[in-house]
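Listed here are the chains, written in short residue letters.
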Amino acid sequence: MARPRIVALPGDGIGPEIMAAARELLERLGDFEIEERPIGGASIDAHGTALTDETLAACRRADAVLLAAVGGPKWDTTDPDAPRPEQGLLGLRKGLGLFANLRPVRPPRALLDGSPLRRERIEGTDLLVVRELTGGIYFGERGREDARAFDTCVYSVEEIERIAEVAFRFARRKVTSVDKANVLETSRLWRETVTRAAEGRDVELEHLLVDNAAMQLVSRPAEFDVILTENMFGDILSDEAAMLTGSIGMLPSASVGDSGPGLFEPVHGSAPDIAGTGRANPLAMFGSVAMMLRYGLGRQEEAAAVESAVDRALEAGLRTRDLGGEAGTEDATKAVLANL
Ligand code: NAD
């Protein structure tokens, strides 16, 4: 890829502050064409809608989309007809056909003692949760009749095949497929389809029931490589796995589709309580840049360089407020750039 085109969406709250830090990092890394556009509340203020057609079109043309965060009290409303910042995110996911959510969990060595797990349990953990994002019980038929309510879980072979493909693409040694095949018919179809998708590949496949997977995640997290699962199980397991690292200010994520650009963003929100104070931790944003380089632009070496610069800065003592220290956004950015 000659000169990757990135659409940068700073959004609201601390978003513009951590996006500025990410742009400094990208500038240092190489030659990227970056087009910045408003999304969320900032776009509502400027254009009356959280995502304009022009911004979506620009994202479609890009090689990758980097987003900071959207939302804030200014746009909180009970009026169902008023635009809401998170519509920007949903519109982007739908408009780019993003059906796979990726969340890596790799606690930096320097923060191992901040994990709720004992050091010897968490040490060596480096896993990726691949969650199906557009099917399952969250999107099935639902309703209420008198004193009853129901939600329906539906998956097609095609939906399972395409998410399995993503999991196998990113696995280094093993895919752990998580389901509830002892009870659910969708899970039995899931298991059959994933087993077929694994044929002829150089990657081990294991199946775990979701209750067992929840237990194994906290008892032997270092054993996992890629965890592949459906929408609701993935929603729960990815938050459980995220807690293994300790702080919300550290977690990146990505959403990808079959083709076209992926969306890379920190897990945390716009942190309106600290916006404008220069105290936002930019490390989840830097992790999102690393994911964009690795999974979105195929630049493995630069991705590893960013991750190891973050690790080394932490090992040298960098701690933002959310990690119990005093460093602000600018200090943290300087510390990481100095280790790049
Ligand atoms: P939040 O993640 O914004 O903040 C939760 C707490 O974590 C706050 O105390 C905040 O100060 C702290 N925090 C978060 N990120 C931090 C960082 N990088 N450095 C230091 N501290 C950090 O969640 P919230 O308060 O529930 O939501 C605030 C707004 O963000 C809401 O409008 C919500 O809708 C929105 N939100 C957006 C996204 C997104 O853009 N993907 C995700 C979650 C929430």
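Fair warning: this is a prediction, and the values are worked out from it, not measured in the lab. (Residues numbered from 1 in each chain as written. Predicted model: local features only at pLDDT ≥ 70, side-chain atom pairs only at ≥ 80, totals over all residues. Heavy atoms only, no water.)

A. Highlighting the overall build of the chain. Per the secondary structure count, the chain includes twelve helices and twelve strands. Summarising its shape, the C-alpha atoms of the chain cover approximately 50 × 50 × 45 Å along the three principal directions. Split into buried and exposed, the 340 residues of the chain put 51% on the buried side. Here the analysis covers contacts within the chain between residues at least 6 apart in sequence; of these, 76% occur between residues at least 24 apart. Entry remark: accessible area of the chain is about 15,400 Å², with carbon and sulfur atoms responsible for 48%. With 39 positive and 55 negative side-chain charges, the chain shows a spacing of 2 Å between the two charge centroids. (Helix = DSSP H or I, 4+ residues; strand = E, 2+ residues; numbered from the N terminus. Buried < 20%, exposed > 50% of the residue type's maximum accessible area, 1.4 Å probe, protein only. Contact = heavy atoms within 4.5 Å. Areas by Shrake-Rupley, 256 points an atom, 1.4 Å probe, with all protein chains shown as cover. Lys, Arg positive; Asp, Glu negative; His and termini not counted. Charge placed at Lys NZ, Arg CZ, Asp CG, Glu CD.)

B. Molecular detail of the side chain of aspartate 311. On the secondary structure map, aspartate 311 appears in helix α11 (residues 300–315). Take aspartate 311: its relative accessible area is 16%, and that puts it in the buried class. Among residues more than four places away in sequence, those in contact with aspartate 311 are Arg106 and Pro108.

C. Representation of helix α1 (residues 15–29). Over its 15 residues, α1 runs 21 Å from end to end, which matches the ideal 21 Å to within 8%, given 1.5 Å per residue. Along α1, the residues classified as buried are Gly15, Ile18, Met19, Ala21, Ala22, Leu25, Leu26 and Leu29. Each buried residue of α1 lies within a common arc of 160° when the element is viewed along its axis, so the set occupies one face. α1 presents Glu27 and Arg28 as exposed residues on the side facing more than 90 degrees away from its buried surface. (Expected span 1.5 Å × (residues − 1). Arc of directions from axis to C-beta.)

D. Highlighting the nonpolar core. Counting 64 residues, the largest nonpolar core has Leu66, Leu102, Val130 and Leu228 as the members making the most contacts within it. Broken down by element, the residue count for this core peaks at nine residues, all from helix α10 (residues 283–296). Inspection of this core shows a minimum of three residues originating in each of domain 1 (1–98 + 251–340) and domain 2 (116–245). Within the second largest apolar cluster, 17 residues are counted, among which are Leu117, Ile122, Leu127 and Ala213. (Core = buried A, V, L, I, M, F, W, Y, C linked by side-chain atoms within 4.5 Å. Domains from an automatic or database assignment.)

E. The arrangement of unusual backbone geometry in detail. Here the phi dihedral of aspartate 146 falls at roughly 50°; this positive angle occurs in a residue that is not glycine. Along the chain, aspartate 146 falls in the loop between β6 (142–145) and β7 (148–151). Located in the positive-phi region is alanine 271, a residue other than glycine, with phi close to 40°. When you line up the elements, alanine 271 lands in the loop between β12 (262–266) and α10.

F. Structural view of the site of the ligand. Close to the ligand lie 19 residues; Val70, Gly269, Ala271, Asp273 and Asn281 are nearest. One of the side-chain N or O atoms of histidine 268 is found 3.2 Å from a nitrogen atom in the ligand. Coverage of the ligand by the protein amounts to 65% of the 810 Å² it exposes when considered alone. Tallied by class, the residues present in the shell around the ligand amount to ten nonpolar, six polar and three charged. (Near = heavy atom within 4 Å. Polar contact = N/O pair within 3.5 Å; in protein donor to acceptor, adjacent residues only side chain to side chain. Nonpolar A, V, L, I, M, F, W, Y, C, P; charged D, E, K, R; others polar.)

G. View of the pairing of strand β8 (residues 174–179). Among the six residues in β8, six count as buried, and that is most of the element. As paired strands, β8 and strand β9 (residues 204–209) are joined by six bridges and run parallel to one another. Of the residues in β9, the one forming a bridge with serine 177 is histidine 207. Taken together, β8, helix α7 (residues 185–198) and β9 form a β-α-β motif whose crossover is right-handed. The pairing of β8 with strand β10 (residues 226–229) spans four bridges and is parallel. When the bridges of β10 are listed, valine 178 appears paired with threonine 229. (Pairing = 2+ DSSP bridges. Right-handed = clockwise from strand over helix to strand, strands pointing away.)

H. Representation of the sheet that holds strand β11 (residues 252–256) within the structure. Pairing within the open sheet is mixed, and its ten strands lie in the order β2-β1-β3-β12-β11-β4-β5-β10-β8-β9. The open sheet has two edge strands with one neighbour each: β2 (33–36) and β9. Averaged over all neighbouring strand pairs, the angle between strand axes comes to 20°, with direction disregarded. Bridge count for strand β5 (residues 127–132) against β10 is four bridges, and the pairing is parallel. Directly across from leucine 128, in β10, lies its bridge partner valine 226. (Axes fitted to C-alpha atoms, helices over the stretch in contact; angles between N-to-C directions.)

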